[in-house]
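# Architecture at a glance
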Amino acid sequence: MTSHFMNLHPLMTDLQLIWFRQDLRIHDHSALWHAQQAGPCIAIVILSPAQWQRHDDATIKIDFYLRQLKSLKQQLQTLNIPLIIEQADLWDDIPEKILHWLNTLQIQTVHANIEYELNENQRDRRVIQHLANAQKSLKLYHDRCIFNVGTLLNKNQQPYKVFGAFKKSAYEQLHISLPQCFPPPEVQTPIDLTTQLPTHITSTTELGLVATPREQQELWPVTEAYAWTKLDDFIQNDVQHYDQTRDFPNLQQTSMLSPYLNIGILSIRQCLQALFRPHYGLFEITQRGQQIWLDELLWREFYQHILFHFPHLSKGHSFKTELQHLSWRDAKQDLYAWQHGLTGIPIVDAGMRQLLHTGWMHNRVRMICAMFLSKNLLIDWRLGEQWFMQHLIDGDLAANNGGWQWCASTGVDAVPYFRIFNPVTQSERFDPNGDYIRQWLPELAHLNAKVIHAPYTFQKDIQLDYPKPIVDLKQSRLRAIEHFKQHSS
Ligand SMILES: Cc1cc2nc3c(=O)[nH]c(=O)nc-3n(C[C@H](O)[C@H](O)[C@H](O)COP(=O)(O)OP(=O)(O)OC[C@H]3O[C@@H](n4cnc5c(N)ncnc54)[C@H](O)[C@@H]3O)c2cc1C
């Protein structure tokens, strides 16, 4: 363990604590900027392995977080901001930890960016209360979204429940002003402290987790600079075709920025500024690809706002209350086959294996896999949501829950229950040559572009080291429609 020994300057009464959470960057960081306006800063990160486990965070996501934390530490060093690495297994212990450091360092205020999930919100309220008893305070700032959550409301001052209306209102606001990035962080005068600061960044193996293989780590390099390059490349080369390419999983033409946005290596304002940079930062849409990408950022926004306004979503409840008690099949073998890419439906299996191998899955395939589980297999969407969370590097409660409930028809502005994707038709349409399937299912790589989408259907006598479909697509579709019809008002 390395440590700092420093002397606290007697006049250093305006020292500030900046608490990093899902926002591991130093640029365009709302809380850091505000903290620096108030005085010199000391930073803190609190690692909570048991809490991460309760939230089903994937090992690959934790590994990504810890790798980025090392980079953040180096960046903070360049600003002369010391970083405390604390551990509080569960969030219950956090108020006391924060107070301990505020007392030890003689600091009055801790600054942090708001997190909108229920547990996160409760944690922060407990911190606020605990600090108030000691005449200290936690100051929270909006940072994660384009619009301050709670401010984008319809004319009845209610949250939007339809994406189209939410988007229209968002466009109106963006026309008025495009959110600007905060000025760059300042290099502060080095602080003299007498206190020893814990600075050791643990590894996933020290936490008792399986080490993430190097090949997987290499798919997702960290650092802010890397995320900027990835964003710039996408804006320069891909966004103009995004409307035509985004649904084809083998083309890899989406930005793949979700992991970076999720732990805050990149900010949403940086994405917007990059998108409108060719227009000198004006909100001007000249290409369809540009507009469709903006709409995807707004889906992210929509689900964050929804999660905030409807906290029951954080507890695993359906958005549509009438579907809360919909019964589901208890089919452990089918669930296992789905989880491991062994359903006998190639596009579904390819997606599920991409997830296991890379920690990421293409959006179109996420929809196909989620709909297959919740409709064709009639298995509770919560089990799928949990499996995704346990394996996604970009696992995010708002987007994951929103995506799952959209596919299961239980969510806000969800797909109607009778519009069920046929995974084979989807496969033929969005992976016409079967290249995506070939990449993830080597046992089918030799099949031609027709047969590969449903080998046992298109070539009856075929012998393969690959399972037969675990469900009949037509019958299971009808079963799902009938089942949902009975429970829908
Ligand atoms: C069942 C299901 C589960 C999902 N789980 C997650 C999740 O845990 N975390 C997550 O970030 N996204 C999730 N999504 C949304 C979407 O699949 C991913 O954001 C997207 O695939 C990330 O790839 P990209 O960065 O290349 O996206 P791009 O196509 O480049 O889009 C840019 C950004 O917009 C946001 N975005 C795009 N589509 C959506 C969407 N439908 N909903 C919300 N935000 C969106 C993401 O932040 C993304 O990085 C889920 C979708 C479904 C259908």
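The following refers to the structure shown.

What counts and what doesn't
Residues numbered from 1 in each chain as written. Predicted model: local features only at pLDDT ≥ 70, side-chain atom pairs only at ≥ 80, totals over all residues. Heavy atoms only, no water. Pairing = 2+ DSSP bridges. Helix = DSSP H or I, 4+ residues; strand = E, 2+ residues; numbered from the N terminus. Axes fitted to C-alpha atoms, helices over the stretch in contact; angles between N-to-C directions. Core = buried A, V, L, I, M, F, W, Y, C linked by side-chain atoms within 4.5 Å. Buried < 20%, exposed > 50% of the residue type's maximum accessible area, 1.4 Å probe, protein only. Contact = heavy atoms within 4.5 Å. Near = heavy atom within 4 Å. Polar contact = N/O pair within 3.5 Å; in protein donor to acceptor, adjacent residues only side chain to side chain. Areas by Shrake-Rupley, 256 points an atom, 1.4 Å probe, with all protein chains shown as cover. Nonpolar A, V, L, I, M, F, W, Y, C, P; charged D, E, K, R; others polar. Domains from an automatic or database assignment.

Time to look at the sheet that holds strand 2 (residues 41-47). Strands sit in the order 3-2-1-4-5 across an open sheet of five strands; the sheet is parallel. The sheet terminates laterally at strand 3 (83-87) and strand 5 (137-141), the two strands that pair on one side only. Strand-to-strand twist of the sheet, defined as the mean angle between neighbouring strand axes without regard to direction, takes the value 25 degrees.

Core analysis: the largest hydrophobic core is formed by 129 residues, its most contacted members being F20, L69, W293, L294, W338, V348 and M352. Examining the composition of this core, we find that nine residues originate from one element, helix 12 (residues 288-309), more than from any other. Once residues within four sequence positions are removed from consideration, W293 is found in contact with L231, F234, I235, V239, Y242, S255, L257, C271 and L275. Grouped together as the second largest cluster of nonpolar side chains are 24 residues, L17, W19, I98 and A112 included.

Before going further, it helps to spend a moment on the site of the ligand. Close to the ligand lie 28 residues; Y242, T254, S255, M256 and N363 are nearest. One of the backbone N or O atoms of M256 is found 2.6 Å from an oxygen atom in the ligand. Note that an oxygen atom of the ligand is positioned 3.4 Å from one of the side-chain N or O atoms of R366. Look at the ligand: alone it shows 810 Å² of surface, and the protein chains cover 95% of it. Secondary structure elements with two or more residues in the shell around the ligand: helix 10 (258-262), helix 12, helix 15 (363-376) and helix 17 (397-407). The element best represented in the shell around the ligand is helix 12, accounting for six residues. Residues that form the shell around the ligand fall into these classes: 16 nonpolar, seven polar and five charged. Two domains each put at least three residues into the shell around the ligand: domain 2 (145-181 + 224-309) and domain 3 (321-487).

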